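# Chains, contacts and geometry: an overview
As a plain string of letters, each chain reads:
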Amino acid sequence: MAEAATPAASTLAALGAQKAYGAKSPVKANDRLEAAAQDFEAVFLTQMMEQMFSGLGDAGPLGSGEGGSAYRSMLADQYGRTIAAAGGIGLADDVRRELIAIQQGDQSS
């Protein structure tokens, strides 16, 4: 007698079918949405840091010259990414909510 398929086996079969036909799983879509929201917040924070550093002039932590400005830009970028990864200022939550609303609006059309 054939056994009834277990829930785990049917889930694995469904995932295999998704993979075979190139479908994207909802978990990965949510991960991409989260990453996009966090990246947006990181870019925003980087821009804020660069404006903050621009007022320092040559007295900043990395001195003057082309090398100092290049490294200052990298430092601002790293600060922005670190702050966003640590929870940020709440901008990623709003961006995520808006992206979900846009996706749901597209699906209802």
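Description of the structure in this document. Residue indices follow the written sequence of each chain, beginning from 1 at its first position. Owing to the predicted nature of the model, reporting of local features is limited to residues with pLDDT of at least 70; listing and counting of side-chain atom pairs is limited to 80 or more, with chain, interface and lining totals taken over all residues. The basis for the side-chain values is all heavy atoms of the structure; hydrogens and waters are excluded.

Let's shift gears to the pattern of salt bridges. The rule for a salt bridge is simple: a side-chain nitrogen of Lys or Arg has to be within 4 Å of a carboxyl oxygen of Asp or Glu. In total, this model carries four salt bridges according to the counting rule given. With a closest N to O distance of 2.7 Å, E34 and R96 form a salt bridge. Remark: R96 occurs in helix α4 (residues 91–108) and E34 occurs in helix α2 (residues 26–54); sequence separation between them is 62 residues. Using a 1.4 Å probe on the protein chains alone, a residue whose accessible area is under 20% of its type maximum counts as buried, one over 50% counts as exposed, and one in between counts as partly exposed. On the basis of relative accessibility, which here comes to 32%, the residue E34 falls in the partly exposed class. Residue D77 pairs with R81 through a salt bridge whose shortest N-O separation is 3.1 Å. Of the two residues, D77 and R81 both sit in helix α3 (residues 65–85), four residues apart, roughly one turn of that helix. In this structure, a network of salt bridges that share partners links the residues E34, D93 and R96. Helical segments are the DSSP runs of H or I of at least four residues, strand segments are the runs of E of at least two, and each set is numbered from the N terminus.

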